[in-house]
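Spelled out from the first residue to the last, the chains are:
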Amino acid sequence: MNRLLVIFLLFITGCLVAQTQRDQYIEHKVRWMENIYTISKKYNANPNVVLEYNRISANDVRRGIILRIPLSPEERSGIEPSDNLVETDPAHTYGSKERHLYDCMEYRPSSWTTHRASVILPFQLQNTRPNSNFLEFYQGLLLAVLDLKERGMSVELTAYDSGSSSVASLAQSGAFVGDEIVIGPVYAGDLYEVLNRTYGQNIKVISPLDPQTEQAAETNPNFFQINTSLYWQQYNLVQQLRRNSGMVWLFREESGADQELVGVIRDVLSKNQIVYREFVHKVAKDADIRGELSQLLTQRQNNQVVVASTNEAFVSDVLRNLYLVHTRSNCPITLYGNARWRNFESVDLEYYHTMNLHLSVPNYVDYQDQEVRRFLLRYRSLFRAEPTPYAYQGYDVGNYFLSALYSNGPHFECCLEQGFIPAQPLQSQFRFQRVSPDGGFVNTGSRVIRYLPDYRIEILN
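Keep in mind the model is a prediction, meaning the values are calculated, not measured. (Residues numbered from 1 in each chain as written. Predicted model: local features only at pLDDT ≥ 70, side-chain atom pairs only at ≥ 80, totals over all residues. Heavy atoms only, no water.)

Peer 1: Kindly report on the packing of aromatic side chains, identifying the contributing residues and their values.
Peer 2: Counted by the stated rule, this structure contains 27 aromatic pairs. With a centroid separation of 6.2 Å and an interplanar angle of 25°, the aromatic rings of phenylalanine 224 and phenylalanine 412 are classed as stacked. Of the two residues, phenylalanine 224 is situated in strand S7 (residues 223-225) and phenylalanine 412 in helix H16 (residues 412-417); the sequence distance between them amounts to 188 residues. Across the pair, exposure class does not vary: phenylalanine 224 and phenylalanine 412 are buried alike. Judged by centre distance (4.8 Å) and plane angle (55°), the rings of tyrosine 379 and phenylalanine 383 are tilted. Placement of the pair is tyrosine 379 and phenylalanine 383 together in helix H14 (residues 370-383), with a separation of four residues, close to one helical turn. With a relative accessible area of 24%, phenylalanine 383 lands in the partly exposed category. An aromatic cluster is present here, built from Phe224, Tyr400, Phe401, Phe412, Phe430, Phe432 and Phe441 joined pairwise through their rings. One residue, lysine 204, lies across the ring of phenylalanine 412, its end atom 5.2 Å from the ring centre. (Phe/Tyr/Trp six-rings, centres within 6.5 Å; stacked < 30°, edge-to-face > 60°. Helix = DSSP H or I, 4+ residues; strand = E, 2+ residues; numbered from the N terminus. Buried < 20%, exposed > 50% of the residue type's maximum accessible area, 1.4 Å probe, protein only. Lys NZ or Arg CZ within 6 Å of the ring centre and 35° of its normal.)

Peer 1: Could you give an account of the packing of H14 against helix H15 (residues 389-408), with specific residues and numbers?
Peer 2: The N-to-C vectors of H14 and H15 enclose an angle of 110°; their axes lie 12 Å apart at closest approach. One element, H14, and the other, H15, form an angle in the roughly perpendicular class. When you trace H14 past H15, the crossing you get is right-handed. Across the interface between the two elements, Val372, Arg374, Phe375, Leu376 and Tyr379 from H14 touch Ala391, Tyr392 and Tyr395 from H15. The class makeup of the residues in the contact of H14 with H15 is seven nonpolar, no polar and one charged. (Axes fitted to C-alpha atoms, helices over the stretch in contact; angles between N-to-C directions. Parallel < 35°, antiparallel > 145°, perpendicular 65-115°, else oblique. Left-handed = near helix turned anticlockwise from the far one by under 90°. Contact = heavy atoms within 4.5 Å. Nonpolar A, V, L, I, M, F, W, Y, C, P; charged D, E, K, R; others polar.)

Peer 1: Which residues make up the pairing of strand S9 (residues 276-281), and what values do they have?
Peer 2: Sheet topology places strand S8 (residues 247-253) next to S9; six bridges connect them, and they run parallel. Counterpart to valine 248 in the pairing with S9 is tyrosine 276. Note on the crossover from S8 through helix H10 (residues 259-271) to S9: the handedness is right-handed. (Pairing = 2+ DSSP bridges. Right-handed = clockwise from strand over helix to strand, strands pointing away.)

Peer 1: Quick rundown of the sheet that holds strand S14 (residues 441-443)? Include the residues and the values.
Peer 2: Overall, mixed pairing links the seven strands, which are arranged S4-S3-S5-S6-S7-S14-S13 in an open sheet. Taken across any chain shown, the strands that pair with only one partner, and hence form the sheet edges, are strand S4 (154-161) and strand S13 (432-434). Direction aside, the axes of adjacent strands within the sheet are offset by 20° on average. Pairing analysis gives three bridges linking strand S5 (residues 181-183) to strand S6 (residues 204-207), with the strands arranged parallel. What sits directly across from isoleucine 183, in S6, is isoleucine 206. Strand contacts of helix H6 (residues 132-150): strand S3 (114-121), S4 and S5, with the helix running at about 170° to S4, the strand carrying the most contacts.

Peer 1: Outline the pairing of strand S10 (residues 303-307), listing residues and values.
Peer 2: Within S10, five of the five residues are buried, which leaves the element mostly enclosed by the surrounding structure. Burial along S10 is two-sided: the face carrying Asn303, Val305 and Val307 and the face carrying Gln304 and Val306 are both buried. Where S8 meets S10, five bridges bridge the pair, whose relative direction is parallel. The partner of phenylalanine 251 across the bridge, within S10, is valine 307. The pairing of S10 with strand S11 (residues 333-336) spans four bridges and is parallel. Looking at the pairing, asparagine 303 lines up with isoleucine 333 of S11. In terms of handedness, the path from S10 via helix H12 (residues 312-328) over to S11 forms a crossover that is right-handed.

Peer 1: Can you explain the packing of H6 against H15? Please cite residues and give values.
Peer 2: H15 packs onto H6 with a crossing angle of 35° between their chain directions and a minimal axis gap of 7 Å. When the axes of H6 and H15 are compared, the crossing they make is right-handed. On H15, the residues that touch Asn133, Phe134, Glu136, Phe137, Gly140, Leu141, Leu143, Ala144, Val145, Asp147 and Leu148 of H6 are Tyr390, Ala391, Gln393, Gly394, Tyr395, Gly398, Asn399, Leu402 and Ser403. Here the residues of the contact of H6 with H15 sort into eleven nonpolar, seven polar and two charged.

Peer 1: With reference to specific residues and values, describe the side chain of histidine 353.
Peer 2: Within the secondary structure, histidine 353 sits in helix H13 (residues 349-354). Residue classification places histidine 353 among the buried positions, given a relative accessible area of 6%. Beyond its immediate sequence surroundings of up to four residues, histidine 353 is in contact with Tyr451, Leu452, Pro453, Tyr455, Arg456 and Ile457.

Peer 1: Give a detailed account of the layout of surface pockets, specifying residues and quantitative values.
Peer 2: Each pocket or cavity is described by its volume, and for the largest pocket that value is around 980 Å³. Looking at the largest pocket, it is lined by 31 residues, and the ones nearest its centre are Asn227, Thr228, Gln233, Ala339 and Pro362. Of all the secondary structure elements, the ones that give two or more residues to the lining of the largest pocket are helix H9 (230-243), H10 and H15. Of the residues contributing to the lining of the largest pocket, the split by class is eleven nonpolar, 16 polar and four charged. Lining the second largest pocket are 18 residues, with Asp369, Glu371, Gln424, Pro425 and Leu426 sitting closest to its centre. Within the residue set of the lining of the second largest pocket, elements represented by two or more residues are H6, H14 and H15. Here the lining of the second largest pocket takes three residues from H14, the largest share from any one element. In terms of residue class, the lining of the second largest pocket is made up of six nonpolar, five polar and seven charged. (1 Å grid on protein atoms, 1.4 Å probe; cavity = no way out; pocket = protein on both sides within 12 Å on 5 of 7 lines; lining within 4 Å. Points joined across faces, edges and corners; volume = space filled by probe spheres on them.)

Peer 1: Explain the environment of serine 207 to me, using residue names and the numbers behind them.
Peer 2: Mapped onto the secondary structure, serine 207 falls in strand S6. Sequence separation between serine 207 and proline 185 is 22 residues, and the spatial gap between their C-alpha atoms is 6.6 Å.

Peer 1: Run through unusual backbone geometry, naming residues and quoting values.
Peer 2: With an omega of 0°, the peptide bond between glycine 184 and proline 185 qualifies as cis. Relative to the helices and strands, proline 185 is located in the loop between S5 and helix H8 (188-198). Phi at glutamine 273 takes a positive value of approximately 55°, unusual for a residue other than glycine. Looking at the secondary structure, you find glutamine 273 in the loop between H10 and S9.

Structure representation (structure tokens):
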């Protein structure tokens, strides 16, 4: 009888212990761009313990799965960390304090040091017609490597075709071990695989084309987002607006279209403490709003009109009316638009030049620039073709980051924070800002161009 009682008590105790253990964890659904290190850091947990607790590897931590994060100190200390995983967050071994101590002037480039870099692009070489855009990007990148070799830099560049083999298989094969820079992958969906594999190593991962990868900078200190977000494009445009004088107007559609753009412009204007008034217009065929505009806009000072629209019909209609008020009523107007306007076909370019249109664009090539002319001649000579924006982008990315690596060493990101400019891009504007003390970098630069009455276009910044 006593034996049965002991067995019963042991059974009850085991159930209570099991229930207690089940209660000592919290469930976390993995979101896009999260990995085991960022999740563990969020809960102040050891990533190896979390992996062991869930009986998975770091490669299994993917978007949508449910992770159990153990909360009990006893549970955490009872699991030995695996030898092939990083026990603590390696990013903190070179944290914000150490970055301020890095002497960018002390590093000396050496032609004896071979720097390793990789580029991951969906060439789709297995197809009868490979992707020409990414081939042109690669050609521009190769030209940057040739230029740097002439300066004395030794570069070993490896190219991977993510259109023929998956980025996941490349990352798991250890393809990037020993690299200092990885350019790519192109698409945000593939980026996680590379960031997860390179996390904790001093490998700079550069997103060269996709504007949707900015979120990765929040938790990856060695990540660089190249494409400038809509916010920073509008921010740079407003800086030019601040330098000019006059009443500020925000024109938008009555339909409520382009809400994101309107919201961003409102936010930027408010943060810069710029007082503005709004004008709401509805697109109608041959609508004549000259009388209304003549009453609103002043002839005594400049009217700075920001048209928050990517709708070609709306922009054409508004600019036609503004142009008539400007030319017939001698009403001074300066226009501000967005990068989409460069692709409009039905809008009269006379409107742009007459009213000094300002645009903030991710890229613009000044063919009068000596370095641009030099690039053109070399590209034509090597590839027997005219460079496209993809070729310029490949050159700009390669020249900028490889120059930084050669001139300032493996921690060149510290020098970028201190204002060092390794190379001037040909078609872009690079101005990187770290998003947080332990985060990566986003590009806040864009080129602001102005259309002049003599039909020239000038770069203002």
